[in-house]
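# Fold and contact review
Residues per chain, in single letters:
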Amino acid sequence: MKKLIISLIIAVSALAQATAQQGQFFGVSPDKFMALLGQTQKMPRENAVLIIKQTMEVLSTDPKSYRKGLDLALPHLSDPTDSLHNEDLYITLLEHATKSYVLSSSEKARPQALLESALKNRVGSQCNDIDYVTLDGTQHNLLNNDNCFTLVYFNDPDCDACAKVKENLGNSPFIKQAVETGQLRVVAINPMANEKLWKKTTMPSWVVNGWNKSQSINEGGSFDLPTLPVFFLLGRDNTVLLKNEASLKRIEKAVTMVMASSQSDSKTLANLLFMK
């Protein structure tokens, strides 16, 4: 791994030697830049963050390339449905952009707003609580988790993709078994305002069907949900292990990894899941 880090740093530094000419992006194609970004997701968090910071420092020597790098990377890293989705690297880019001398004050306004949203419920931090009601009218709070892992399924009843994911969730024998053995609980949270649609929505019998009646998510801004449906995975201590994940297959893999791990520290588990 150390050799890989060194080689990547050399590769990043080499970009500076091919300074932008004739409008080229540091003499390399956008595909090569994205390939470099993809490689960082195959290593531990600390190393990946180091590479991204180094890359942006190199690009800072040419403002046009710096802006192009941000434009290329941010949409991929922030989109839960994208294979390159990675919020830690997304936050790293936004933090660099808000502090960079390359961008003007007005140009920094958007990265600053995106950063403030992204920092909500960051991986490794304590998750914000959510109040919700179930179909029997009982009031609940998300963080009362009985010392087990919690999978939160944010969904919209009026959403075709949500219906498909719900069906696949119901057909997941591994998730169901984890719930039945008491290792995991699954809470479906509907953050939308339409109570009638929610009441018509059925969930698998082992999934808690909740509605954020107070609208604290949408109106209070306690969560930043870029799309629906998405999953959050919380540790036994309610630490965010995985955030805004759209793929149920990746969720199944993540649940398998944390339950098979001998580690109980949330920071260690979060770093384990960084490399999907």
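### Brief notes about the layout of surface pockets
Taken as a whole, the largest pocket spans an internal volume of roughly 240 Å³. Taken together, Arg67, Leu70, Asp71, Leu74, Pro75, Ser78, Tyr90, Leu103, Glu107, Arg110, Pro111 and Leu114 make up the lining of the largest pocket. Every element with two or more residues in the lining of the largest pocket is listed here: α4 (63-78) and α6 (105-118). Considering each element in turn, the lining of the largest pocket owes the most residues, six residues, to α4. Classifying every residue of the lining of the largest pocket by side-chain character gives seven nonpolar, one polar and four charged.

### A word on the pattern of salt bridges
Inspection of the entire model under this criterion finds seven salt bridges. Note that Glu87 and Lys243 form a salt bridge whose closest N and O atoms lie 2.9 Å from each other. On the criterion of sequence distance, the pair formed by Glu87 in helix α5 (residues 87-99) and Lys243 in strand β7 (residues 240-245) is long-range, its members being 156 residues apart. The buried category is assigned to Glu87, whose relative accessible area is 13%. Glu245 is paired through a salt bridge with Arg250; the nearest N and O atoms lie 3.3 Å apart. The buried category is assigned to Glu245, whose relative accessible area is 1%. Salt bridges here are not isolated pairs; linked through shared partners, they connect Arg45, Asp88, Glu95 and Arg122.

### Details of the pairing of β7
Looking down a regular strand, the side chains alternate between one sheet face and the other. Burial analysis of β7 places six of its six residues in the buried class, the great majority of the element. In the sheet, strand β6 (residues 230-234) pairs with β7 via three bridges, with the strands oriented antiparallel. Looking at β7, one finds that Leu234 is bridged to Val240. Counted along the chain from β6 to the antiparallel partner β7, the turn is five residues long, and its residue Asn238 has a positive phi close to 70°.

### A word on the environment of Leu241
Secondary-structure assignment places Leu241 in strand β7. Spatially, the C-alpha atoms of Leu241 and Phe149 are 9.7 Å apart, while their sequence positions differ by 92 residues. If near-sequence neighbours (up to four positions away) are discounted, Leu241 is found in contact with Val123, Phe149, Leu233, Leu234, Gly235, Val258, Ser266, Leu269, Ala270 and Leu273.

About the criteria used
Residues numbered from 1 in each chain as written. Predicted model: local features only at pLDDT ≥ 70, side-chain atom pairs only at ≥ 80, totals over all residues. Heavy atoms only, no water. 1 Å grid on protein atoms, 1.4 Å probe; cavity = no way out; pocket = protein on both sides within 12 Å on 5 of 7 lines; lining within 4 Å. Points joined across faces, edges and corners; volume = space filled by probe spheres on them. Helix = DSSP H or I, 4+ residues; strand = E, 2+ residues; numbered from the N terminus. Nonpolar A, V, L, I, M, F, W, Y, C, P; charged D, E, K, R; others polar. Salt bridge = Lys/Arg side-chain N within 4 Å of Asp/Glu carboxyl O. Buried < 20%, exposed > 50% of the residue type's maximum accessible area, 1.4 Å probe, protein only. Pairing = 2+ DSSP bridges. Contact = heavy atoms within 4.5 Å.

Geometry only, nothing functional implied.
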